[in-house]
Structures are given as structure tokens and as C-alpha cells.
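Analysis of the macromolecular model
Okay, here's what each chain looks like letter by letter:
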Amino acid sequence: MRQVSHGKDVKVREMRTAETILNIIQDRGKRQLPLDDVYRQLYNPDLHLRAYAKLYKNNGAMTPGITEETVDGMSTEKIAKIIEAIRYERWQWTPVRRIAIPKRKGGKRPLGMPTWSDKMVQEVIRSILEAYYEPQFSRHSHGFRPKRGCHTALTDIHEVWAGTKWFVEGDIKGCFDNIDHHILMNILRENIRDNRFLRLIEGALKAGYCEEWTYHPSLSGSPQGGIVSPILSNIYMDRLDRYVQETLIPEYTQGKVRKRHPEYKRLGHEVERYRKMGQIERTETLRKEMQTYPSVDPYDENYRRLRYVRYADDFLLGFIGPMTEAKAIKERITMFLGTELKLTLSAEKTLITHAANDRARFLGYEIRIMNSSDKFDTQRRRVVNGKVALYIPEDVIQTKRNRYLRDGKPIHRPELNNNSEYDIITRYQGEYRGLVNYYGLAQNLEELGYIRWTMETSLLKTLVTDGVSLLQTKQQY
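The model shown is predicted, which means the values in this text are computed figures rather than measured ones. (Residues numbered from 1 in each chain as written. Predicted model: local features only at pLDDT ≥ 70, side-chain atom pairs only at ≥ 80, totals over all residues. Heavy atoms only, no water.)

1. Quick look at the nonpolar core
Condition: For the purposes of this section, nonpolar cores are sets of buried Ala, Val, Leu, Ile, Met, Phe, Trp, Tyr and Cys residues that join through side-chain atoms within 4.5 Å. Think of it in three bands: with a 1.4 Å probe and only protein chains considered, a residue is buried below 20% of the maximum accessible area for its type, exposed above 50%, and partly exposed in between. Throughout, a residue-residue contact means that at least one pair of heavy atoms, one from each residue, lies within 4.5 Å.
Of all hydrophobic cores here, the largest spans 75 residues; its most connected members are Ile 125, Leu 129, Leu 188, Phe 197, Ile 235, Leu 240 and Ile 333. With sequence-adjacent residues up to four places away left out, Ile 235 is seen in contact with Leu 129, Tyr 133, Phe 137, Leu 184, Ile 187 and Leu 188. Formed by 34 residues, the second largest nonpolar core is a distinct cluster that contains Leu 154, Phe 167, Ile 397 and Ile 451.

Dropping the structure here:
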């Protein structure tokens, strides 16, 4: 019993050592102090054990890279060998094994699979970079960050972007494959003053990949399928976030409030005058006429607002102002990306959308500004006009339904025939629950009823078919 207790005490002390290191690095990041002498932290076994604890339960832990190595062969002795190689700068990155996987909307995208040891070392590097850079990242960035995600980005749009007139949808063409190594390393050098640590990261960037048993060098992009890729892409794209936050938003923010709509203001004075005179019917008539006009002038030349949110390589801007300026904003971002980051916007996916008349697409949602003059609160104020509404796109609903349809009718799923009834039901529940959880912010959430009916019918057919197959199998024996 004493040995078990002693082992637990040692483990707790080790965990504290790793967390203490990361907390110190995080504090330097918060104070925007340079990060130096960080390479020697890679000698700490506890950082590697922490990386192991984070990665071993992932689905890809048993997937080999170009070697047969997986999590199955991991041990403290192997960690010691990795640390020794790093200590004496003998660590060599292995090219990743690369395959092509299909995209949801057609075509294929490359997926890289590093060796297990490379994943471990990348996770240690990632934890250090995240601890240092996370306090410095822009609040407008939501992708691949702790306690942030698609829903935090969408909630920000829903709660803050009221009154938006134009949406500028941004999609960077092949962002992760086109990250310029030279620019990225220069960005890292601005804050990291440890050449050995920088050389280690640069080695990961240039490790290359093997596709169909042929080696290809990595001339650009972050490590294919790498654990460290998301944090490196955020460090790179933070330049765009800062440009929008510190340059464009101040330039295109003007005026404290919109001025009153002149006709609305005039009728308001009339309402007040007739109310004092006791002419209630005339007051009500004028009040209804007031509500046919916006309360503020939507074309106020002295009022501008620009808002911005980014998730990975997709971003969305909301602008209050004339379309000419919305086009100018798009052009300035295009120029900044091309000159400063060597990236290109996708012409067919980077659109300017009228917020009230059309819908922008972002993170699988459709977004628009609502307008309704007959929706009131208890004090008879219009409560819908100018608010942001999120919708499940019609094509998404149809695409999700098609998985359970053939010739327009729900079908059984033969790939589940060998599963138990419990596993089949759990599978369907998980798939539907995932949809509801992700699209829970949508105004038209009830549209998922079509998918639910289709899935329920498909589930029943699958269960019946599975039961018949099982009965036939028993009869054969």
C-alpha cells in the first residue's frame, strides 16, 4: 500500500512540474515577454507523459505512419530515448504517410499520418506554443483554441452583429497547404529567442511526405496531419486578425449612434403632441404609421461599423455602410493576404452579400438580418428588426437526409447488419444528437424534423432487416 501511495505522490509531483512550466510560459505570453531558453524544457519527461495522456485515446493512435510504430509500443524507455535524441540535437522528423480522403462537397483533400513518436514530440511543442501564444491571440479568432469553437463564433455574430448591412464572406484558397515557411519562421523569431527550438519547428515543416511510396519535399504549408499544424496556422493567421482589428476596424468605425430617421422623428413629435391633447385615436393612428419607418436612418453617412470573426481559414465580416466601402474592405484584405502572407482568396467563395435580402454562409449556417414590423414586445417595441438570424441551409438538410434515402425513400443500412440492436440504436441516436447539438442555434431548428422522420424510418427498417438476417442465420445452423 505504501508503494502505491508513494507512486501516486510522485505522479502528482510530475504533473505539477509540467503544469508549472506551462504556467510560466503562459505568464510570459500574457506579459508579451520574449520566450527564451525553451528548448531545454523538451528534456522534461513529464511534458512527454502529458502529451502521451492527451494522445493515446485518440482514434489515430493505432494508425501507423510510414513505419509500423503506434501507441502500442510506447514506454518510459522510449520516451527517454526521444529526450536523449532531442538533448543532443539528433532528433530527426520522419516524413508523414499521405493519403487522399473525399470531401463532403466532392473532390479529395490530402491527409497526413505522422509516426507516433513524431506525434508525441509535436504535442509537446504544441503545448508550449499554445501556452505562450494563446493569451496573445485576437478575440476574433475561434478555430483550434481552448474554450472556443464554431458555436462561440456564431454566438458572437448572433449577439453583437445587429444592424449589419453587408456580409463579406472570406475563404482562403488552400490556406494550410500554402503557408509560407519563411514568413512563418520570421513571425516565430519575433518572440521566440531560442534557435534550437526554432530549428526543431522548421525541421517539422520541411520533413516532407510519402505518397504511394514516393517521397515529396514540403516546400510550403504546415505539417500534413500534424498535431502542431493548427497552432502554427493560428500564429500565421493572427497577422490577418491583427490587421483587421488594429487597422480596418478603427478606420471603418464612425459615430456613436445612428441619427433618428427624419420621418420617424417627425411622427414621434406628432404622437407626443396629440397624446398631450388627449386625442388617443389620432395618437394610435400616428403610432402605427411610425412603425412603417425604421427608428434610425439606415443611410446615415456619419455612422459606420465593421465586425470580424475567423474560424481557421474561413472568415466573415459584417459591415454597416455603403457597398462601395464593403468592396474596398474586401480588396484591402485581398491585398494584405497576397503581400504579407502570400495567400489568395477563393474568388468563387469570397462574396459580398446584402444582409437583409440574402443569406451569407459561414460554418455550415446561413446568416441574415431579420426585418419585421409586426413583431412587438410587451412595451410595443419592435424586437426583430436588425437582429441576426441563423438558419440551417436547405441543401444541408437534404444532404443529411440523403444518407438514409434511396430513390426518395428511407432505406435500411446493410453496413450495420452485423451490429447488435443496441449498437444500431446508439449509432442513430449519436448521429441525430450531433446534428441537434451543432444546429441548436438555428431559427429553423424544427426543419430537422424531416431528418428525424427519415432516420426513424431507416432505423426501423434496419432493425427489422437485422432481425430477419439473424433469424435466417440461426435456421441455417
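2. Here we look at the packing of helix α6 (residues 181-189) against helix α7 (residues 195-205)
Defined as follows: Helix axes are fitted only over the stretch in contact, all axes being lines through C-alpha atoms; the angle between N-to-C directions runs from 0 to 180 degrees. Strands are runs of DSSP state E lasting at least two residues, helices are runs of H or I lasting at least four, and both sets are numbered from the N terminus onward. Just so you know how the angles are binned, under 35 degrees is roughly parallel, over 145 roughly antiparallel, 65 to 115 roughly perpendicular, and the rest oblique. Each crossing gets its handedness from the near helix: less than a right angle anticlockwise from the far helix is left-handed, clockwise is right-handed. For this classification, Asp, Glu, Lys and Arg are treated as charged, while Ala, Val, Leu, Ile, Met, Phe, Trp, Tyr, Cys and Pro are nonpolar and the rest, including Gly, are polar.
At a closest axis distance of 11 Å, the pairing of α6 and α7 adopts a crossing angle of 160°. Relative to α7, the element α6 is oriented roughly antiparallel. Here α6 and α7 pass one another in a crossing that is right-handed. Contact with α6, carried on its side by His 181, Leu 184, Met 185, Leu 188 and Arg 189, involves Leu 198, Ile 201, Glu 202 and Leu 205 of α7 and no other residues of that element. Grouping the amino acids of the contact of α6 with α7 by side-chain chemistry returns 6 nonpolar, 1 polar and 2 charged.

3. A closer look at the packing of aromatic side chains
For the record, the criterion: Paired rings are identified among Phe, Tyr and Trp, the last through its six-membered ring, by centres lying within 6.5 Å, and are further divided according to the angle between planes into stacked (under 30 degrees), edge-to-face (over 60) and tilted (the rest).
Per the stated rule, a full pass over the model turns up 16 aromatic pairs. On the numbers, 5.8 Å between centres and 90° between planes, the contact of Trp 91 with Trp 93 is edge-to-face. Both residues of the pair, Trp 91 and Trp 93, belong to the buried class. On the basis of an interplanar angle of 45° and a centroid distance of 6.2 Å, the ring pair of Tyr 308 and Phe 315 is categorised as tilted. Residue Tyr 308 shares its accessibility class with Phe 315, and that shared class is buried.

4. Things to note about the sheet that holds strand β10 (residues 352-354)
This is how the line gets drawn: Two strands qualify as a pair provided DSSP detects at least 2 bridges between them.
With antiparallel pairing, 4 strands are arranged side by side in an open sheet as β8-β9-β4-β10. The outermost strands of the open sheet, each flanked by one partner alone, are β8 (305-311) and β10. Taking the axes of each pair of neighbouring strands and ignoring which way they run, one obtains an average angle of 20° across the sheet. Strands in contact with helix α8 (residues 229-251) are β8 and β9 (314-320); relative to β8, the strand with the most contacts, it is inclined by about 175°. Helix α11 (residues 323-340) contacts β4 (166-171), β8, β9 and β10 of the sheet and is inclined by roughly 150° relative to β9.

Any functional reading would require information that these geometric values do not contain.
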